[in-house]
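One-letter residues, chain by chain:
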Amino acid sequence: EDQVTQSPEALRLQEGESSSLNCSYTVSGLRGLFWYRQDPGKGPEFLFTLYSAGEEKEKERLKATLTKKESFLHITAPKPEDSATYLCAAPGSGGYNKLIFGAGTRLAVHP
Amino acid sequence: DSGVTQTPKHLITATGQRVTLRCSPRSGDLSVYWYQQSLDQGLQFLIQYYNGEERAKGNILERFSAQQFPDLHSELNLSSLELGDSALYFCASSRDSISTDTQYFGPGTRLTVL
């Protein structure tokens, strides 16, 4: 069964304290791994797409990496405005474009 | 702003009623997706339309239905509403229907069933 699992469930950081969020997946024939950021009550905001193992993408303080079994979202020197829930998702197997989402990591960055 | 619009922003209704949620995709996008987000279930895929035709179905209840119109906007109809249908409903759109397409999400409709 296709599954996307994120850890930790919640993470509290001090401003400037770097860390990583994990996303592991069991989807046969992975056709992309997507990262989104979601603020409370808002729609998910697209961050990155990774397509193959070894690929890395960066945006400001965020860097996403992909291996054959998992993806990491590295947050370098975070600021309070980085506080949000970070979601990863992968298209389900079977040729469809339905995204299977992980439960998310709730990140809180304190000054 | 993703370019995907959804109306209404909030909807409060009673059990047994029927509601319609509306979504306009980004300019040029042909695929529309509907997702439900509740506290205990996370984001769950409901249904996908591509250029007016149903393309994929997820865990969508029989009481729920959707369609995509010639102008590419989509509507999600929820009927015989139950308390458990209270959730955030998101629409997303993508350029095509292939699985590597990035989906861009709208701001959502918060449905409260009393």
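The structure this text deals with has already been given above.
What you see is a predicted model; the values in this text were computed from it and never measured. (Residues numbered from 1 in each chain as written. Chains lettered and ligands numbered in written order. Predicted model: local features only at pLDDT ≥ 70, side-chain atom pairs only at ≥ 80, totals over all residues. Heavy atoms only, no water.)

## Some remarks on the state of the cysteines
- Tallying each qualifying case throughout the model produces two disulfides over all chains.
- Shown here is the disulfide that connects Cys 23 of chain A with Cys 88 of chain A, its sulfur atoms set 1.9 Å apart. On the sign convention where negative is left-handed, the bridge of Cys 23 of chain A and Cys 88 of chain A, at about 80 degrees about the S-S bond, is right-handed. With Cys 23 of chain A in strand S3 (residues 19-26) and Cys 88 of chain A in strand S9 (residues 84-91), this pair connects stretches of sequence that are 65 residues apart.
- Cys 23 of chain A sits in the buried class, given a relative accessible area of 0%.
- On the accessibility criterion, Cys 88 of chain A (0% relative accessible area) is buried.
- What pairs with Cys 23 of chain B in a disulfide is Cys 91 of chain B, and their sulfur atoms sit 1.8 Å apart. (Disulfide = S-S within 2.5 Å. Helix = DSSP H or I, 4+ residues; strand = E, 2+ residues; numbered from the N terminus. Buried < 20%, exposed > 50% of the residue type's maximum accessible area, 1.4 Å probe, protein only.)

## Some thoughts on the pairing of strand S4 (residues 31-38) of chain B
All names here are of chain B.
- Within S4, eight of the eight residues are buried, which leaves the element mostly enclosed by the surrounding structure.
- Pairing analysis gives eight bridges linking S4 to strand S5 (residues 42-50), with the strands arranged antiparallel. In the sheet register, Tyr 35 faces S5, and the bridge partner there is Phe 45.
- Hairpin geometry of S4 and S5 is characterised by an intervening segment of three residues between the two adjacent antiparallel strands. (Pairing = 2+ DSSP bridges.)

By themselves, these figures tell us nothing about what the structure is for.
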